[in-house]
Every structure is written in C-alpha cells, then in structure tokens.
Amino acid sequence: MSVADSTVAGRAVIELDHVSRAFKVPGGTITAVDGVSLAIGAGEALCIVGESGCGKTTTGRMLAGILHPTSGRLLYEGEDVWRKKGNELSTFRRAVQLVHQDPYASLNPTRTIFQTLSAPLYRHKKAKGNRDATNRVRHLLDVVGLTPPDDFLGKYPHQLSGGQRQRVAIARALTVDPRVIVADEAVSMVDVSIRISLLNLLLGLRSEMGVSIVLITHDLAVARYFAREGRIGVMYLGRMVELGHSEALVSDPAHPYSAALIAAIPEADPRITRSKERVALKTAEVPSLLALPPGCTFHPRCPLAEPGLCDVQIPELLPLPADTPREVACHVAIRERRPAAELLA
Ligand SMILES: Nc1ncnc2c1ncn2[C@@H]1O[C@H](COP(=O)(O)OP(=O)(O)OP(=O)(O)O)[C@@H](O)[C@H]1O
Ligand SMILES: [Mg+2]
C-alpha cells in the first residue's frame, strides 16, 4: 500500500503516484514537482498549500491530466490515465475539471452566460434542444447561487462581479457532471467578503453532489477554513512535506515548515496557542529551484535541522504515529515520533 492509499478510506478516484515534473528554464532544468503521491477519495475536500513557486499549480495540472508528468503515474479509478485512449480518455477528461484563478481570462467575453454554459451541454449530449438546455442552465445557475437564474442567462462576463464570474466558471465545470474539481487559487482574486461564500459553495458541491474538491491556495487561513473536515497537503520546493487531517495539521503541525506557516496566520482566536508560537527560522531566504540544498531542502532554514542527517538524506513522507493519521517528511519528527510543533515548543 502506498503512502497515499493509507490516508483515503475506500478507493481513490484520482491518484498521483510518485509524480515529478521538470521544466527547462533559463539557466538549467528545475524540478517543479518532485516525487509527489496523493490519492483523492470520493467526496473528499483536500487543500494543497505552500508559498509561491512551490509547485501547487503544476501538481493541480497533473491531477487534472492537462500536464504530462516527467515521471510517475496519474491514476483514475486505479488505471493509468496516460495509457487511456478514445472514449476512456474522454470519460476521464469530463470526470476531472479544473477551475482557474481568473475567471475573466477563462470565460469568453463575447458569449452570454447561457451560451457559455449550454455549449458543453450540447457538446457532451447532456441537453436535447433549446428548452432542455435552458432548463439545465437555469438549474446550474441555481446550484451555484446565481439567482434568479433568468437574470443571468443573457448577461456577458463583463456585466458580472468577480465573485459571480467565478460562480459561472464553477457552473461550467459542473455541466459535465464531474467527480473531481481542482480549483486553483479559485478564491484568491475575489474580495475577502465573497471568499467565504465561494468556499461554502464548493463545500456544498461536495456534501450535496459528492464531488471531490481539491483546492489549491497559498493562503493557509483559506486552507484551514476549507479543509476543516478534510486534509491539507503542505508543499515546499516541489515536495509534499506534510499531508494530514486538517485539524491535526493546524493545531499540531508535524513539519517545521508547516509550523512556520501556521505561526504566520493572523489569528483572531486567542484559544489557539501552541501552534501559534513563533517559529524562529534560521533564514527567510527560500533557495532557488536551480540550486536546491542537498538532503531536506528545508534544512538551511530549519530550527530542528541536524548536521549529518538533514543536510545529507532526503526525508521520505512517512506516517507519524499519532491519533490522527498523517504523514510528514522530516527526519527529526519521525525519529522522535512527535510533531515538530511539540519539538519546537
Ligand atoms: N511551463 C513552465 N515552464 C517553465 N517553468 C515553469 C512552468 N510552469 C511552472 N514553472 C516553474 O515551476 C515552479 C513551480 O510553479 P507553479 O506554478 O507550480 O508554482 P505555484 O506553487 O503554483 O506558485 P504560485 O503560488 O505563484 O501560483 C516555478 O518555479 C515556476 O516558475
Ligand atoms: Mg499557482
């Protein structure tokens, strides 16, 4: 059983199996994603967090099957997606939908909302005739909270607010009855006041329609809200450094990098204490992907780093013995059998 398998009850809908992705850039080749394994269960809410450039979007694009991994496999219901052809590949493409950060860029400005949403319904033979398409589009608008639907059918993207456009983008993803939605920074460009209602909409799709949602965000406060009943995966320089149940990860982060991220969330709730203790990193500087440090790539910044260990061996993502199942890629936490938050306290 792989690490990813052990965390998802039942069979995974989609799974990344040790995927890596390299890119040629000026100055050499970078590994934007390095050996990530991740299984997404049916109806699961999972959040991928990490700082800019850590490989979140690249991971999301590989999950959605629009970017080929350099190595490793993408599995859909246990089968290798990149070996599929024809109808089987189309089934996967419908099953996993990507929602982008900027709906303004992804919606055609010359099409009305009705045209935008009816086109995939016709293309995938999910609507028969104009009346059926109109009814289905009305229903989708209702599902995403654009009500009354008739007010929106004839509108163009520029006539909507940012939050409304993102709802249209989500409705468009829903036209093909997906099993998984990968939402890449889907709430980052909207006002804070609208963010929560969009997150609630995505969570509603999960509870009411059983759609799995993978939310990608650089904002741990968003991750924490979204994944409160699910899991969070923390990425650092292309690797998954911690993956676990959201509550455990936030209250008692196992990786020192997660502890540092959590300590940086502005906190209105004074009850949250231990995990909020300041984590004194050795340096704020993030290494370049073109010149990664050996061993654990976090070791130059890590207050727990041990010479001869952390600067030599790459830590694997391993289960940390604890009440709540989670995995951490930290030599010290694994050896001490305790989360970094406790070792740093
Ligand atoms: N098509 C590409 N060609 C070259 N380099 C790329 C390409 N796509 C991504 N990268 C590089 O890979 C690394 C990871 O990028 P990625 O977009 O996955 O990060 P991210 O975590 O989504 O960042 P952000 O929070 O800024 O969106 C970055 O260094 C980026 O410049
Ligand atoms: Mg990104």
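Now for a description of the structure that goes with this document. Please read these numbers as outputs of a predicted model, since none were measured by experiment. (Residues numbered from 1 in each chain as written. Chains lettered and ligands numbered in written order. Predicted model: local features only at pLDDT ≥ 70, side-chain atom pairs only at ≥ 80, totals over all residues.)

Next up on the list: the sheet that holds strand β12 (residues 326-328). Here 8 strands make up an open sheet; going across it, the order is β6-β7-β8-β3-β9-β10-β12-β11 and the pairing mixed. Because the sheet does not close on itself, it has two edges, and the strands there are β6 (96-99) and β11 (318-319). Note that strand β3 (residues 45-49) and strand β8 (residues 212-217) share 5 bridges and pair parallel. Paired with Cys47 across the two strands is Leu215, which belongs to β8. The strands touched by helix α2 (residues 56-63) within the sheet are β3, β6, β7 (180-184), β8 and β9 (231-236), with β8 carrying the most contacts at an inclination of about 155°. (Pairing = 2+ DSSP bridges. Helix = DSSP H or I, 4+ residues; strand = E, 2+ residues; numbered from the N terminus. Contact = placed C-beta atoms within 7 Å. Axes fitted to C-alpha atoms, helices over the stretch in contact; angles between N-to-C directions.)

Before going further, it helps to spend a moment on the site of ligand 1. Ligand 1 sits among 14 residues. The nearest are Phe23, Ala32, Ser52, Thr57 and Thr58. Of all the elements in the fold, those that place two or more residues in the shell around ligand 1 are β1 (12-25), β2 (28-41) and α2. Looking at the shell around ligand 1 element by element, the count peaks at 3 residues for α2. Looking at the shell around ligand 1 residue by residue, the classes come out as 6 nonpolar, 7 polar and 1 charged. (Near = placed C-beta within 6 Å. Nonpolar A, V, L, I, M, F, W, Y, C, P; charged D, E, K, R; others polar.)

The next thing to look at is α2. Side chains three or four residues apart in an α-helix point the same way, a direct result of the helix having 3.6 residues per turn. The buried fraction of α2 is high, at 7 of 8 residues. Among all positions of α2, only Lys56, Thr57, Thr58, Thr59, Gly60, Met62 and Leu63 are buried. Just downstream of α2, Gly65 is the residue with a positive phi angle, here 75°. (Buried ≥ 20, exposed ≤ 12 C-beta atoms within 10 Å, placed from the backbone.)

The next point concerns the packing of helix α5 (residues 113-123) against helix α7 (residues 162-174). The angle between the axes and the distance between the axes are what describe a pair of packed helices. At a minimum axis distance of 8 Å, the contact between α5 and α7 shows a crossing angle of 20°. What the angle tells us is that α5 and α7 run roughly parallel. By crossing handedness, the relation of α5 to α7 is classed as right-handed. In this structure, α5 contributes Ile113, Thr116, Leu117 and Pro120 to the contact, and α7 contributes Val168, Ala171 and Arg172. (Parallel < 35°, antiparallel > 145°, perpendicular 65-115°, else oblique. Left-handed = near helix turned anticlockwise from the far one by under 90°.)

Attention shifts here to the packing of α7 against helix α8 (residues 192-209). Remark: α7 packs on α8, axes separated minimally by 11 Å, with the N-to-C direction vectors making an angle of 15°. One element, α7, and the other, α8, form an angle in the roughly parallel class. As α7 packs across α8, the resulting crossing turns out to be right-handed. Residues Gly163, Gln166, Arg167 and Ile170 of α7 form the contact with α8, whose participating residues are Ile194, Leu198 and Leu201. Here the residues of the contact of α7 with α8 are counted per class, giving 4 nonpolar, 2 polar and 1 charged.

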